[in-house]
Amino acid sequence: TSFVSMVYTQSEILQKEVYLFERIDTTHRESMKHLKALCFLRPTKENVEYLIKELRRPKYSWTYQAMVHELLGINNNRIDLSRVPGISKDLKEVVLSAENDEFYANNMYLNFGEIGTNIKNLMEDFQKKKPKEQQKLESIADMKAFVENYPQFKKMSGAVSKHVTVVGELSRLVSERHLMEVSEVEQELACQNDHSNALQNVKRLLQNQRLAELDAVRLVMLYALHYERHSNSALQSLLADLRSRGVPDKYRRLVSAVLEFGGKRVRDSDLFSPKDAVAITKQFFKGLKGVENVYTQHQPLLLETLDKLIKGKLKDNTYPYVGPSTLRDRPQDIIVFIVGGATYEEALAVYNLNRTTPGVRIILGGTAIHNTKR
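Since the structure is predicted, the reported quantities are computational estimates derived from the model, not experimental observations. (Residues numbered from 1 in each chain as written. Predicted model: local features only at pLDDT ≥ 70, side-chain atom pairs only at ≥ 80, totals over all residues. Heavy atoms only, no water.)

S.K.: Let's hear about helix α10 (residues 195-206): which residues, and what values?
M.R.: If you check α10, its first and last C-alpha atoms are 16 Å apart, about what 12 residues at 1.5 Å a residue would give, namely 16 Å. Along α10, the positions that sit buried rather than exposed are H195, A198, L199, N201, V202, L205 and L206. Along the axis of α10, the buried residues cluster in a sector spanning 165 degrees; they form a single face. Every exposed residue of α10 that faces more than 90 degrees away from the buried side is listed here: S196 and Q200. Among the structural elements, α9 (179-191), α11 (213-227) and α12 (235-244) are those in contact with the buried residues of α10. (Helix = DSSP H or I, 4+ residues; strand = E, 2+ residues; numbered from the N terminus. Expected span 1.5 Å × (residues − 1). Buried < 20%, exposed > 50% of the residue type's maximum accessible area, 1.4 Å probe, protein only. Arc of directions from axis to C-beta. Contact = heavy atoms within 4.5 Å.)

Written as structure tokens, this is what we have:
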């Protein structure tokens, strides 16, 4: 084995933009998401384990996050769980923060099925240490029973038991409100261009009395945004369906409001990029009942806008700028601020662009973080 000797003074290293030195085995190292790291390690088994542990925790901050905000609501990193059936006093309000919750930091951008599988794996690892007390973990209900039966696990891994509660409530709401079916039709409305199929599916779901009023209205809003000018548009018929199922007028009015705010007459670019031949992406996780199917086809318009900006193809008349007459250099630091509010799906798109586009740093801000109710 040959070794290369590297000797630099501190001032020389600073000139190379190296600002910090830390040992990889130092515990509780501060998360510094604005810096990149180089690891110099001797090829030992112990160092490989440290490197695996380092790489498992991403340096950047969910799809899990977005789902929690949509169904439960996140307010200053807090979630109100007081309405959850049978909730214990210590879990009536929980905090989800990537800064001090390792499980959340590692999982906030994963999808629903992966979250359930990761929690299950953590619990099974704990069980391996107690082979005489093994317990089946095939569903969210099994997990909740496990946490209640093993106070030692709860003490050792309080964050994970908190997430069992959160994921359990998400699973209950998904089942109660038929959100897997709703999600599939929403993805079809956004990503495909098959009017007759979309109309048939929306009408079918509107007949389901277990569908929440806001979910029903959101389906009609998406239909309206996509097919408002279609020759066979059945928007008035769908509005009549909403009325016949007892949806209040204040909710029905939202359909015309969203067209007035973001319909084809007023928007500069198309919200939808239909792909007729593309089927919905279904991910099936057999390891856990209650969190099986995830539909992940839609990408927000912001992704396309940023891609054009990075490539220098953004239209000047839509996105004017001050300075020289032409934008000569590829932008490196981009600040996106959405007046009116951003979404966690847009935050995910920015996260993925930062991850996959070397030399470009994007920061997303807005006046609020939206879910459907907002």
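Still more ground to cover, so stick around.
S.K.: Now, about the packing of α12 against helix α13 (residues 249-262): what can you tell me, with residues and values included?
M.R.: It is at 9 Å that the axes of α12 and α13 come closest, and there the two elements cross at 150 degrees. On the basis of their axis angle, the class for α12 and α13 is roughly antiparallel. For the pair formed by α12 and α13, the contact residues are L235, L239, L242 and R243 on the first element and R252, V255 and L259 on the second. Within the contact of α12 with α13, the residues separate by chemical class into 5 nonpolar, no polar and 2 charged. (Axes fitted to C-alpha atoms, helices over the stretch in contact; angles between N-to-C directions. Parallel < 35°, antiparallel > 145°, perpendicular 65-115°, else oblique. Nonpolar A, V, L, I, M, F, W, Y, C, P; charged D, E, K, R; others polar.)

S.K.: Tell me about the environment of G312, residues and numbers included.
M.R.: Counting through the fold element by element, G312 comes out in the loop between α14 (301-310) and β5 (333-338). Taking the relative accessible area as the measure of exposure, G312 reaches 60% and is therefore exposed. The spatial distance from the C-alpha of G312 to the C-alpha of P331 is 8.3 Å, given a sequence separation of 19 residues.

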